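Architecture at a glance
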Amino acid sequence: MFDINEIEWINALYQIAAFFVLLLLLKKFAFGPVMGMMEKREKHVADQIATAEKNREESEKYLQEQRDAIQTAREEAKEIVENAKKSSENQAADIMQNARRESERMKENAKQEINTEKAQAISALREQVSTLSVLVASKVIEKELDEREQEKLIQETLKEVGEDL
Amino acid sequence: MDNQFLTVDLFGIPWMTVNVPNILLITAAMAIVFFVVFFMTRRIEMYPTGAQNAIEYLVQFIKNIISSTMDWERGKNFFMLGITLILYVFVANMMGVPFELATAGEHYVWWNSPTSNPVLTLSLALFVILLTHYYGIKLKGPKEYGKDYLRPVGFLLPFKLIEEFSNTVTLGMRLFANIYAKEVIIVMLVGLGTSSLFWVFGAFLPLVIFQAFSVFIGSLQAFIFVMLTMVYMAHKVNEEH
């Protein structure tokens with residue numbers, strides 16, 4: 001009933017051989033390149049993701065740096081403004097004080113000058129008066145004159161004195 | 001219904017019987033697979049379009065089948081086997097769906113699904129099983145491979161041996177039986193449809209439905225064949241510790 005000769009051994013062998021050839025052909029011409037490209041793409045995608053991740057981290061770092069820099073700049077600006085305010089206040093106070101001192105000093109000087117002038121004037125006047133009285137007395141004594149003469153003399157002397165002064 | 005195949009005894013030697021139409025059909029199936037895939041993969045680009053997408057989907061599909069049974073590091077050895085198997089079995093299964101050719105008087109068949117021949121399916125199954133043994137020895141070493149027959153306990157050895165045999169037979173016979181049954185039913189429906197004018201209308205709708213079902217069966221059997229191949233392969237190459 002079952003004859004081993006009836007089995008188509010050649011067909012079986014042919015199919016296996018053809019299958020093997022097909023496998024090799026497909027590998028060489030079709031799936032080899034496809035698999036290669038898929039692997040390449042996988043690698044590409046992985047690389048891209050890695051790069052993106054790196055870039056993101058970097059940008060976050062930069063952002064943090066920027067934020068810090070802005071914070072520092074703000075603080076510095078505040079400090080500068082405060083300093084400026086303080087120094088201007090100080091300066092204003094200084095100027096005021098200086099001016100006050102200067103005016104005080106000038107007033108003092110003026111007072112002193114006035115006093116000196118006054119003293120000089122008084123002493124000069126005193127001298128004049130003494131000289132004058134001596135002059136008048138000597139004139140009177142020199143000439144015993146009548147009332148008209150006397151009047152004339154006084155006028156003369158006064159004139160002389162006036163010229164002298 | 002007495003289909004027969006033109007057979008020739010090569011050189012007149014009785015065991016060198018050649019089934020001529022089957023040889024041609026195997027070649028046709030292989031050629032279809034090769035040229036379709038060949039022309040679908042002419043333009044391989046980094047950003048896939050059209051045919052390349054389809055091919056890559058298939059590649060991913062086979063990868064998933066293999067990954068579901070073993071780790072990819074080991075499974076990538078069998079990728080080409082899996083993808084060639086599924087393409088060949090699928091195309092072979094589909095070949096008998098649209099039409100079949102047979103001579104009028106003697107019913108010499110010239111075109112059908114090559115997988116409806118038990119010799120071809122069993123030889124393919126045997127090939128696959130032998131490959132699992134080969135890779136079992138190659139990847140695990142002869143000692144580990146031999147020990148596998150005694151795991152988990154020694155007295156299971158006869159069952160293990162029977163399993164090897166039955167795996168081969170069921171793997172081949174499942175494919176053969178499904179496709180053969182499909183062929184028989186299609187031939188019967190076509191025969192019915194051409195028997196009289198009345199049955200042209202009566203058999204047309206069932207035939208259409210059954211052809212759709214045949215496509216489903218063919219795809220499913222191709223998938224199952226590859227899936228089981230990978231399962232048997234995983235049995236042999238996976239470390240079971």
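Residues numbered from 1 in each chain as written. Chains lettered and ligands numbered in written order. Predicted model: local features only at pLDDT ≥ 70, side-chain atom pairs only at ≥ 80, totals over all residues.

The name recorded for chain A in an unreviewed UniProt entry is ATP synthase subunit b, from Alkalicoccus luteus. For chain A, the Sequence similarities (unreviewed entry) comment in UniProt is given as "Belongs to the ATPase B chain family." (UniProt positions renumbered as here; feature names shortened; annotations may be inferred.)

Observations concerning the overall build of chain A
Counting secondary structure elements, chain A contains two helices and zero strands. Over its C-alpha trace chain A gives a radius of gyration of 64 Å, far above what one expects of a compact globule, namely 15 Å for 165 residues. Projected onto the principal axes, the alpha-carbon positions of chain A cover approximately 205 × 25 × 15 Å. For chain A, the proportion of its 165 residues judged to be buried stands at 6%. (Helix = DSSP H or I, 4+ residues; strand = E, 2+ residues; numbered from the N terminus. Rg over C-alpha atoms; globule rule 2.2 N^0.38 Å. Buried ≥ 20, exposed ≤ 12 C-beta atoms within 10 Å, placed from the backbone.)

Let's talk about the overall build of chain B
In terms of regular secondary structure, chain B is built from seven helices and four strands. Seen in sequence order, chain B has helices and strands lined up from the N terminus as β-β-α-α-α-α-β-β-α-α-α. If you line up chain B on its principal axes, its C-alpha atoms span 65 × 55 × 40 Å. Within chain B, buried positions represent 31% of all 241 residues.

What about the nonpolar core?
Judged by nonpolar contacts, the single largest core of 48 residues is most densely connected at Ala 29, Val 33, Ile 86, Leu 87, Tyr 88, Val 89 and Val 91 of chain B. Elements with a minimum of two residues in this core: α1 (9–142) of chain A together with α1 (20–40), α2 (51–67), α4 (79–95), α5 (118–147), α6 (157–193) and α7 (197–237) of chain B. For this core, the leading source of residues is α4 of chain B, giving 11 residues. Setting aside residues up to four positions removed in sequence, Ala 29 of chain B forms contacts with Tyr 88, Val 91, Ala 92, Met 95 and Pro 114 of chain B. (Core = buried A, V, L, I, M, F, W, Y, C linked by C-beta atoms within 7 Å. Contact = placed C-beta atoms within 7 Å.)

Description of the environment of Ile 49 of chain A
Within the secondary structure layout, Ile 49 of chain A lies in helix α1. Residues Ile 49 of chain A and Val 134 of chain A lie 85 residues apart in sequence; the distance between their C-alpha atoms is 125 Å.

A look at the UniProt feature "transmembrane region" (unreviewed entry) in chain A
In the UniProt entry, the feature "transmembrane region" (unreviewed entry) is given for residues 12–31 of chain A. What you have in residues 12–31 of chain A is 100% helix and 0% strand, and the ends, taken at the C-alpha atoms, are 26 Å apart.

Things to note about the packing of α1 of chain B against α4 of chain B
Residue and element names in this part refer to chain B. Contact pair α1 / α4: the axes reach a minimum separation of 9 Å and the direction vectors enclose 120 degrees. By the angle between their directions, the pair α1 and α4 is classed as oblique. Taken as a pair, α1 and α4 cross one another with a handedness that is right-handed. Taking contact as the criterion, the partners of Leu 25, Ala 29, Met 30, Ile 32, Val 33 and Val 37 in α1 are, on α4, Leu 87, Tyr 88, Val 91, Ala 92 and Met 95. Here the residues of the contact of α1 with α4 are counted per class, giving 11 nonpolar, no polar and no charged. (Axes fitted to C-alpha atoms, helices over the stretch in contact; angles between N-to-C directions. Parallel < 35°, antiparallel > 145°, perpendicular 65-115°, else oblique. Left-handed = near helix turned anticlockwise from the far one by under 90°. Nonpolar A, V, L, I, M, F, W, Y, C, P; charged D, E, K, R; others polar.)

Here we look at the interface of chain A and chain B
In this assembly, 28 residues from chain A lie in contact with 32 residues from chain B. The residue makeup of the side of chain A that touches chain B, split by class, is 20 nonpolar, four polar and four charged.

Structural notes on the packing of α4 of chain B against α7 of chain B
All names here are of chain B. Contact pair α4 / α7: the axes reach a minimum separation of 9 Å and the direction vectors enclose 155 degrees. Put simply, α4 runs roughly antiparallel to α7. Along this stretch, α4 crosses α7, giving a crossing that reads as right-handed. In this structure, α4 uses Gly 82, Leu 85, Ile 86, Val 89, Phe 90, Asn 93 and Met 94 to contact α7, whose residues at the interface are Val 215, Gly 218, Ser 219, Gln 221, Ala 222, Phe 223, Phe 225, Val 226, Thr 229 and Met 230.

Some thoughts on α7 of chain B
Here α7 of chain B is 41 residues long and its end C-alpha atoms lie 58 Å apart, about the 60 Å a rise of 1.5 Å per residue gives. Of all the bends in α7 of chain B, the largest measures some 35 degrees and sits at Ala 203 of chain B, one to four residues before the proline Pro 206 of chain B. (Expected span 1.5 Å × (residues − 1). Bend = angle between axes of the 7 residues up to and from the residue.)

Notes on α6 of chain B
Residue and element names in this part refer to chain B. Here α6 is 37 residues long and its end C-alpha atoms lie 53 Å apart, about the 54 Å a rise of 1.5 Å per residue gives. All of the buried residues along α6 are Leu 171, Gly 172, Leu 175, Phe 176, Asn 178, Ile 179, Lys 182, Glu 183, Ile 186 and Leu 189. Looking at the buried side of α6, the elements it contacts are α4, α5 and α7.

A few points about the environment of Tyr 145 of chain B
Residue and element names in this part refer to chain B. Position of Tyr 145 among the secondary structure elements: in helix α5. Exposure remark for Tyr 145: the 18 C-beta atoms within 10 Å place this residue in the partly exposed category. Dropping the residues within four chain positions of it, Tyr 145 is found in contact with Gly 136, Ile 137 and Lys 140.

Quick word on the environment of Asn 178 of chain B
Residues and elements named next belong to chain B. For Asn 178, the position within the fold is in helix α6. Residue Asn 178 is classed as buried on the basis of its 20 C-beta neighbours within 10 Å. Sequence separation of Asn 178 and Gln 221 is 43 residues, and the distance between their C-alpha atoms is 7.7 Å.

Observations regarding the confidence of the model for chain B
With 95% of its residues at a pLDDT of 70 or more, chain B shows a mean pLDDT of 86. Interface scoring of the predicted complex returns ipTM 0.84; its pTM is 0.72. (pLDDT = per-residue confidence, 0-100.)

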